[in-house]
Amino acid sequence: MASGSAVAAAGLATWLVAGLAAGLAAGLAAGLAAWLVAAALLLWAYRRELARLWREPVFGQPILIVESDDWGAGPLTQAGALSRIAEVLQRHRDASGRNPVMSLALVLAVPDGPAIEREGRYCAVALDDARFAPVLGALHAGAAGGVFALQLHGFEHYWPPALMASTDAAVQRWLRGPVPAATEQLPSPLQSRWTDAGALPSGALPAAQIRAAVAAEVEAYTRIVGTPPRLVVPPTFVWTREVEAAWAAAGVQGIVTPGWRYPQRDAQGLPAGDEGPIVNGQRSGELCYVVRTDYFEPARARGASHALEVFGRMAAQGRPCVLENHRDNFIQGTQACEASLRELEALVTGALAQAPAVRFMSTRELERILRARDPQWIVHAWRVRLPFAWQRLRASGRLWKLLRLSGLAAVGSVLVRWAARPAS
Ligand SMILES: [Zn+2]
């Protein structure tokens, strides 16, 4: 009897275990299927962002570019500041023997205050006026020495009719003040050249006026600099597709962007109407975009240590480090200028110490590399690109958070480690 019940109990246990195992396996299979569906949905929802991250060119070695805006027509203290900047840059070289280059975006004219006062209409003084000879001389000397690369910012750093029509008494005084005026003193919305910010939200400019102004500024740049402009940094990053088309028609090949195009100023005066995102090497017909990464603005607490942190991050992501800077770091008195120069020196020496393989170049050279997808600089083998793309993904914010929550990040990390190959 006893042995009969033991056999029955053992049979029941076996049946229970088998049932449990089958249930568990079915549950696991259902769970796995649900996870796979959720993962596929997540990847599908972010397919454009993923494709963009993957398509963006990957640079196999660290690149450092400092872009400084607003130089040219303006305060004469720029001449001394430019010479001091050139001295700092000339002291250093990368492994290929190349000096660091500062890509300078030029403004070609400021208002002729006395003439405006006298004639009651807008008049300008251009950078090739004898009064600006020391500034132009310093720009040319730095370019000849290989430490400056010149590019177009705008004929003016504003839209003259918007200023002339402004009801702001300070703006009218600024227009009629002594030469040279400093555009940094204008209200921010009025510093935009390619929108009429006389009233907010700003209004679009007439197409014919855009074409005429672009043709005139390209002609003036060619006359003053000696070569036609190939790269433009749109003032305050407010510009439109119409302006782009006019630049392209005038021979411009590259546009520097912060990753977005802002066609107007909103009711609060802020750049608005975001068009993008735009990535490095993206094309619009003949135009090629170059994207600024971050800032090097010592006067605004973004000095060398901030820039070097960005530089390290960009190198890991296979992106060139293109830093935004402005002349006002260097023309607010001797002490401020010297402080900015020390930060510039710290940035260059820090980059060389942090990444001895770093290469210095101008934005124009970077644009050419991007345009040609030059294999000497850009990695094409997918297994070599993988770790760089993975770092981009880790910096993607919300997408990365979702990848981590879903467990896809852990799976991806194993796969990337297995498939990735180091750059030769
Ligand atoms: Zn500017």
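The structure this text deals with has already been given above.
Peer 1: What is the right way to read the overall build of the chain from this model?
Peer 2: Regarding its fold elements, the chain presents 15 helices and 16 strands. A compact globule built from 424 residues would reach a C-alpha radius of gyration of about 22 Å, whereas the chain, at 28 Å, exceeds it by more than 25%. Counting only C-alpha atoms and orienting by the principal axes, one finds that the chain spans roughly 125 × 50 × 40 Å. Taking all 424 residues of the chain together, 49% fall into the buried category. For the chain, contacts bridging at least 24 residues in sequence account for 72% of all contacts bridging at least 6. Roughly 19400 Å² of accessible area belongs to the chain as shown, and the carbon and sulfur atoms make up 60% of that amount. Taken as two groups, the 42 positive and 35 negative side-chain charges of the chain have centres that lie 10 Å from each other.

Peer 1: I tried to follow the packing of helix α13 (residues 382–394) against helix α15 (residues 408–419) on my own but got confused; where do I start?
Peer 2: For any two helices packed against each other, the geometry is given by the interaxial angle and the distance between the axes. Orientation of α13 relative to α15, taken along the N-to-C sense of each, is 145°, at an axis distance of 9 Å. Seen along the crossing, α13 lies across α15 with a hand that is left-handed. On α15, the residues touching W382, R383, L386, P387 and W390 of α13 are A409, G412, S413, V416 and A419. Its residues assigned to classes, the contact of α13 with α15 comprises 7 nonpolar, 2 polar and 1 charged.

Peer 1: Help me out: how do you make sense of the nonpolar core in this one?
Peer 2: One recurring pattern in soluble globular proteins is that nonpolar side chains are buried together. Of all hydrophobic cores here, the largest spans 91 residues; its most connected members are W194 and W247. Here this core takes 8 residues from helix α8 (residues 207–225), the largest share from any one element. Those residues within four positions of W247 in sequence are excluded, and the remaining contacts are L152, W194, V214, E217, V232, P234, W239, V252 and I255. With 15 residues, the next largest nonpolar core counts L53, W390, A409 and V416 among its residues.

Peer 1: I tried to follow the packing of aromatic side chains on my own but got confused; where do I start?
Peer 2: Evaluation of the coordinates by the stated rule reveals 7 aromatic pairs. Summarising the aromatic geometry, the rings of W159 and W194 are spaced 5.9 Å apart at their centres and angled 45° between planes, so their arrangement reads as tilted. Of this pair, W159 sits in the loop between β6 (148–154) and α6 (160–164) while W194 sits in the loop between α7 (169–175) and α8, and the two are 35 residues apart along the sequence. When the centroid spacing of 5.9 Å and the interplanar angle of 90° are considered together, the rings of W194 and W247 count as edge-to-face. With W194 in the loop between α7 and α8 and W247 in helix α9 (residues 241–249), the pair connects residues that are 53 residues apart, well separated along the chain. The two residues W194 and W247 agree in class, both being buried. One aromatic cluster in this structure is built from Y122, Y158 and W174. R47 extends its terminal NZ or CZ atom over the ring of W44, reaching a point 4.0 Å from the ring centre. A cation over an aromatic ring shows up here: R193 above the ring of W194, its NZ or CZ 4.7 Å from the ring centre.

Cut-offs and rules
- Here the residue numbering is sequential within each chain, running from 1 through the sequence in written order.
- Totals for whole chains, interfaces and linings use all residues, but because this is a predicted model, local features are given only for residues with pLDDT of at least 70 and pairs of side-chain atoms are given and counted only at 80 or more.
- Here the side-chain values reflect all heavy atoms present in the structure, with hydrogen atoms and water set aside.
- Helix numbering and strand numbering both begin at the N terminus, where a helix is a DSSP run of H or I of at least 4 residues and a strand a DSSP run of E of at least 2.
- The reference for a compact globule is 2.2 Å times residues^0.38; the radius of gyration itself is calculated from the C-alpha atoms.
- Between buried and exposed lies partly exposed: a residue is buried under 20% and exposed over 50% of the maximum accessible area for its type, with that area taken using a 1.4 Å probe on protein chains only.
- A contact between two residues is defined here by any heavy atoms of the two lying within 4.5 Å.
- The method behind every accessible area is Shrake-Rupley, applied with a 1.4 Å probe, and residues are considered shielded solely by the protein chains displayed.
- Here the positive residues are Lys and Arg and the negative ones are Asp and Glu; neither His nor the chain ends is included.
- Charge positions come from single atoms, namely NZ of Lys, CZ of Arg, CG of Asp or CD of Glu.
- Every axis corresponds to a line fitted to the C-alpha atoms, with the helix fit spanning only the stretch in contact, and the corresponding angles, defined between N-to-C directions, vary from 0 to 180 degrees.
- Note on convention: near helix rotated counterclockwise from far helix by under a right angle means a left-handed crossing. Clockwise means right-handed.
- Amino acid classes used here: Ala, Val, Leu, Ile, Met, Phe, Trp, Tyr, Cys and Pro are nonpolar; Asp, Glu, Lys and Arg are charged; the rest, including Gly, are polar.
- Buried Ala, Val, Leu, Ile, Met, Phe, Trp, Tyr and Cys residues that are joined via side-chain atoms within 4.5 Å together make up what is termed a nonpolar core.
- Each pair of aromatic rings taken from Phe, Tyr and Trp, with Trp reduced to its six-membered ring, is defined by centres within 6.5 Å and is described as stacked if the planes are under 30 degrees apart, edge-to-face if over 60, and tilted in the remaining cases.
- For a ring to carry a charge above it, either NZ of a lysine or CZ of an arginine must fall within 6 Å of the ring centroid while also lying within 35 degrees of the normal to the ring plane.

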